[in-house]
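Working through the structure, step by step
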Amino acid sequence: MTQGRNPEGGAGGPGEERTRPTFPPPQAAAAPANGGHGSRPPGEQPAPGRGAGSGPPNAAGAAQSRPGPDGAGASRAGTGITPAGWVIRGLVLVLVAVLSGVLWLMVKPSETRSASENPTTQQAGPSTEYDFEKYVADEPANCADNSTAKIAEFFAGTACSHITRALYTTRLHNGERVLTSVVTVLMPDAASAAKLEKLATQNATGNIEDLVTAGSQVPEGYPDLSHDYGYASTHEGRLVVIGESSYFHRSGRDDGRLKHVTSDALKLGARQDREPG
């Protein structure tokens, strides 16, 4: 009876042939198919999403290829300012501009107030050739009680709306001192104002009393204004302005300069009517 031979070529009995373990033939050396990580156990499937020849995950590459919130790739790192960044910068510039405007408004009114509080920078009055200094002023209740002759009769039939009187002092270019009276009368309309001025310029028609003639307290040496020296008048719209002047410390008729001074003082009338005091 022929003896059985095991697959390795050695002799052995039948029992030995049945119980001796059998080993598979050694595999030939080959390049790993999984990128150098060794053989994968039988039955193990590749990881989802990874190809047979893919290498280990690259963290930097994954971050660069991952889409950002706006749908664009996240590979913008270090390449510039995002749209959101430009919006923020624009808002900052707008905020700076608004704050600058607020600061300017806070500073500018302060300068304006300080200027108005300084007498040398107050709102200038009308431009006049002579420097008139107001001495005294009043604001009578009506015109008729402070007028004479035909002027008083005129006011009895046509009452004025407002009257002011003031005394100013000034000096001529040669240094002589002059006293000037300015009376303003606001009439109901332009027509009655024109009639009043025309009547006041006529001789022997009376006048509206100046403060010296009316008996106001003035220092000793103030001249009399009852001679109509340097008389001048004007009207504009409803407002009539009447003036006269006289020299201090000497008497005499008008030599032309007094009328020039009075005509210059009439420019003060509009402001005097608004600001009687």
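Attention here is on the structure that accompanies the text. (Residues numbered from 1 in each chain as written. Predicted model: local features only at pLDDT ≥ 70, side-chain atom pairs only at ≥ 80, totals over all residues. Heavy atoms only, no water.)

A closer look at the overall build of the protein chain
Each helix and strand counted, the protein chain has seven helices and five strands in total. When the helices and strands of the protein chain are read in sequence order from the N terminus, they spell out α-α-α-β-α-β-β-α-β-β-α-α. Relative to its full complement of 277 residues, the protein chain shows a buried share of 28%. Relative to all contacts within the protein chain whose residues are 6 or more apart in sequence, the contacts with residues 24 or more apart total 68%. Roughly 18,600 Å² of accessible area belongs to the protein chain as shown, and the carbon and sulfur atoms make up 55% of that amount. (Helix = DSSP H or I, 4+ residues; strand = E, 2+ residues; numbered from the N terminus. Buried < 20%, exposed > 50% of the residue type's maximum accessible area, 1.4 Å probe, protein only. Contact = heavy atoms within 4.5 Å. Areas by Shrake-Rupley, 256 points an atom, 1.4 Å probe, with all protein chains shown as cover.)

Description of the packing of aromatic side chains
Counted according to the given criterion, the structure contains five aromatic pairs. Between the aromatic rings of Tyr-130 and Phe-132, the centroid separation amounts to 6.4 Å while the plane-to-plane angle is 70°, which identifies the pairing as edge-to-face. Ring geometry for Tyr-135 against Tyr-222: centres 5.2 Å apart, planes inclined by 45°, an arrangement best described as tilted. With Tyr-135 in strand β1 (residues 133-138) and Tyr-222 in the loop between α5 (190-200) and β4 (232-236), the pair connects residues that are 87 residues apart, well separated along the chain. Given a relative accessible area of 38%, Tyr-135 falls into the partly exposed group. On the basis of relative accessible area, Tyr-222 is assigned to the buried category, the value being 16%. One aromatic cluster is present, formed by Tyr-130, Phe-132 and Tyr-168 through successive ring pairs. Its end group placed over the ring of Trp-86, Arg-89 keeps NZ or CZ at 5.6 Å from the ring centre. Taking the ring centre of Phe-248 as reference, the NZ or CZ of Arg-177 above it sits at 4.3 Å. (Phe/Tyr/Trp six-rings, centres within 6.5 Å; stacked < 30°, edge-to-face > 60°. Lys NZ or Arg CZ within 6 Å of the ring centre and 35° of its normal.)

Here's the deal with the layout of surface pockets
Its boundaries defined by the atoms lining it, the largest pocket holds a volume of some 320 Å³. For the largest pocket, the lining is made up of 18 residues, of which Gly-206, Asn-207, Ser-226, Asp-228 and Glu-244 are closest to its centre. Across the lining of the largest pocket, the residue classes tally to five nonpolar, nine polar and four charged. (1 Å grid on protein atoms, 1.4 Å probe; cavity = no way out; pocket = protein on both sides within 12 Å on 5 of 7 lines; lining within 4 Å. Points joined across faces, edges and corners; volume = space filled by probe spheres on them. Nonpolar A, V, L, I, M, F, W, Y, C, P; charged D, E, K, R; others polar.)

Description of the pairing of strand β3 (residues 177-186)
Counted residue by residue, β3 has nine buried out of ten residues, so it is predominantly covered. By the bridge criterion, ten bridges tie strand β2 (residues 162-171) to β3 in an arrangement that is antiparallel. Opposite His-162, over in β3, you have Leu-186 as the bridge partner. Remark: five residues form the turn of the hairpin made by β2 and β3, two consecutive strands paired antiparallel; Gly-175 in that turn has positive phi of roughly 95°. (Pairing = 2+ DSSP bridges.)

Considering the side chain of Glu-244
If you trace the backbone, Glu-244 turns up in strand β5 (residues 239-247). Buried and unpaired, Glu-244 has Arg-165 as its nearest opposite-charge partner, separated by 10.0 Å. If we skip the residues at most four places from it in the chain, Glu-244 touches Leu-179, Thr-180, Ser-181, Asn-207, Asp-210, Leu-225, Asp-228, Tyr-229, Gly-230, Tyr-231 and Thr-262. (Lys, Arg positive; Asp, Glu negative; His and termini not counted. Salt bridge = Lys/Arg side-chain N within 4 Å of Asp/Glu carboxyl O.)

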